[in-house]
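Coordinate inspection notes
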Amino acid sequence: MSEENSSRSIAAVERAMDVLLLFGRSGRADLGVTEIAQELDITKAVVHRILTALRNRDLIMADPVTRRYALGPAAISLGRAYLARTDLRTMAAPELRRLAAQCGETATLSIRRGDTRLYVDQVVPQQELRIEVALGIPYPLHAGSSSKAVLAFMPEPEIDEYLSRHELEPLTERTVTDPAKLRKELTTIRRRGYATSVGERESGSASIAAPVLGHDGHVVAALSVAGPLSRFKPRMADCIPLLMAAAERVSAEFGHRPGTT
């Protein structure tokens, strides 16, 4: 193959990848030929050729009625294969290290297990007085910032089921045990994107937590920063933007786009 033909082939592959990636980032369920041509600044004839090639590999499928296109089963399989190989702790580790360094407090990663939440990783700063958490120990979903960050971003029916199955037992004198009060707080957490706790799960500690969301908007995990109440409470507000940015970066690794619910 001549160098010129090779360059043309590479350019064609790159345009095809641009079209495929557009479906992944557009935020729309399907796209039309005109939209694709305008977004990528290529002709409709080129778009048609690319879509035909992608359809032949089941990467794109077409609706014969609307004549609009969406990701096909082969593309979805690729996405699932990526997610299956995703190691949450590996992906979150750099963010935990960054948060611990920026905030000077313990940064943690939590996941949901049924009606409980457990810590799976942490980075502890070099401080004489510091918070360390027990990994792998289940905690209820109503107490503490990480638990509430998980609970708040669960589907509404699952929240209802959780509250119907469990008494809101107090872990400390500050644990929220009134379901109506907790529901109101969960609404606030969803609106602002993070949860706080001042001694709700462990007396003498304060923490903030934000959810890690998947491509479908469902909660995957929670990142948090926690420290001794007397030292961290006055500095919580300064660390919230850092925490939320970290959670957004990890969420992006799972294909989440802002605005997805």
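The preceding data block contains the structure.
Computed from a prediction, not measured in an experiment: that's the story for all the values here.

Criteria and thresholds
- Residues numbered from 1 in each chain as written.
- Predicted model: local features only at pLDDT ≥ 70, side-chain atom pairs only at ≥ 80, totals over all residues.
- Heavy atoms only, no water.
- Helix = DSSP H or I, 4+ residues; strand = E, 2+ residues; numbered from the N terminus.
- Rg over C-alpha atoms; globule rule 2.2 N^0.38 Å.
- Buried < 20%, exposed > 50% of the residue type's maximum accessible area, 1.4 Å probe, protein only.
- Areas by Shrake-Rupley, 256 points an atom, 1.4 Å probe, with all protein chains shown as cover.
- Lys, Arg positive; Asp, Glu negative; His and termini not counted.
- Charge placed at Lys NZ, Arg CZ, Asp CG, Glu CD.
- Core = buried A, V, L, I, M, F, W, Y, C linked by side-chain atoms within 4.5 Å.
- Contact = heavy atoms within 4.5 Å.
- 1 Å grid on protein atoms, 1.4 Å probe; cavity = no way out; pocket = protein on both sides within 12 Å on 5 of 7 lines; lining within 4 Å.
- Points joined across faces, edges and corners; volume = space filled by probe spheres on them.
- Nonpolar A, V, L, I, M, F, W, Y, C, P; charged D, E, K, R; others polar.
- Salt bridge = Lys/Arg side-chain N within 4 Å of Asp/Glu carboxyl O.
- Pairing = 2+ DSSP bridges.
- Axes fitted to C-alpha atoms, helices over the stretch in contact; angles between N-to-C directions.
- Parallel < 35°, antiparallel > 145°, perpendicular 65-115°, else oblique.

Looking only at helices and strands, the protein chain features ten helices and eight strands. Taken against the 2.2 N^0.38 rule, which gives 18 Å for 261 residues, the C-alpha radius of gyration of the protein chain at 23 Å runs more than 25% over that of a compact globule. Its C-alpha atoms put the protein chain at 70 × 40 × 30 Å along the principal axes. Taking all 261 residues of the protein chain together, the buried fraction comes to 44%. In the form shown here, the protein chain has an accessible surface area of approximately 14100 Å², with 52% of it arising from carbon and sulfur atoms. Across the protein chain, the mean location of the 34 positive side-chain charges is 2 Å away from that of the 32 negative side-chain charges.

What follows concerns the nonpolar core. Leu88, Leu109, Ile208, Leu223, Val225, Phe232 and Leu243 are the most contacted members of the largest nonpolar core, which totals 29 residues. Beyond its immediate stretch of four places on either side in the chain, Val225 contacts Leu99, Cys103, Glu105, Thr106, Ala107, Ala206, Ser207, Ile208, Phe232 and Leu243. With 20 residues, the next largest nonpolar core counts Leu163, Val176, Leu182 and Ala222 among its residues.

As a further point, take empty space enclosed by the protein. Taken as a whole and assessed by the stated rule, the structure comprises one cavity of 30 Å³ or more. As a volume, the largest cavity reaches approximately 120 Å³. Along its surface, the largest cavity is lined by 15 residues, and Tyr119, Arg201, Ser205, Ser207 and Ala226 are the ones closest to its centre. Listed by contribution, the elements that provide at least two residues to the lining of the largest cavity are β4 (116-123), α6 (145-152), β7 (205-213) and β8 (219-228). For the lining of the largest cavity, the per-class residue count stands at four nonpolar, seven polar and four charged.

Here the focus is unusual backbone geometry. Phi angles above zero are rare outside glycine, and Asp58 is one such case at about 60°. Here Asp58 shows up in the loop between α3 (44-56) and β1 (60-62). Here Arg67, not a glycine, exhibits a phi torsion of approximately 60°, which is positive. Mapped onto the secondary structure, Arg67 falls in the loop between β1 and β2 (69-71).

Summarising the element assignment, Glu200 is placed in the loop between β6 (195-198) and β7. The class for Glu200 is buried, based on a relative accessible area of 9%. Leave out the neighbours within four places in its chain, and Glu200 touches Ala143, Gly144, Lys148, Leu171, Thr172, Arg174, Thr175 and Glu185.

Turning to the pattern of salt bridges, a few remarks are in order. Two side chains that carry opposite charge are able to pair once their charged atoms sit near each other. Scanning the model with the defined rule gives 16 salt bridges in all. Between Asp160 and Arg183 there is a salt bridge, and its shortest N-O distance comes to 2.9 Å. Placement of Asp160 in helix α7 (residues 156-165) and of Arg183 in helix α8 (residues 179-192) is noted, with a sequence separation of 23 residues between them. Under the relative-accessibility criterion, Asp160 is labelled partly exposed at 32%. With a relative accessible area of 32%, Arg183 lands in the partly exposed category.

Pairing is antiparallel in the open sheet, where six strands are placed in the order β5-β4-β3-β8-β7-β6. Since the sheet does not close on itself, it has two edges, and those belong to β5 (139-140) and β6, each with one partner. The pairing of strand β3 (residues 106-113) with β8 spans five bridges and is antiparallel. Looking across to β8, one finds that Ala107 is bridged to Val225.

Before going further, it helps to examine the packing of α6 against α8. Packing of α6 against α8 brings their axes to within 9 Å, and their N-to-C directions diverge by 80°. Between α6 and α8, the crossing angle belongs to the class labelled roughly perpendicular. For the pair α6 and α8, contact is made by Lys148, Leu151 and Ala152 and by Leu182, Glu185, Leu186, Ile189 and Arg190, respectively. The class makeup of the residues in the contact of α6 with α8 is five nonpolar, no polar and three charged.

We now examine the pairing of β8. Where a strand is regular, its side chains alternate between the two sheet faces. Where burial is concerned, most of β8 is hidden: nine out of the ten residues are buried. When β7 meets β8, the two strands line up antiparallel, connected through nine bridges. Paired with Ser205 across the bridge in β8 is Pro228. In this structure, the hairpin formed by β7 and β8 is closed by a connection of five residues, where Gly217 is found at a positive phi of approximately 85°.

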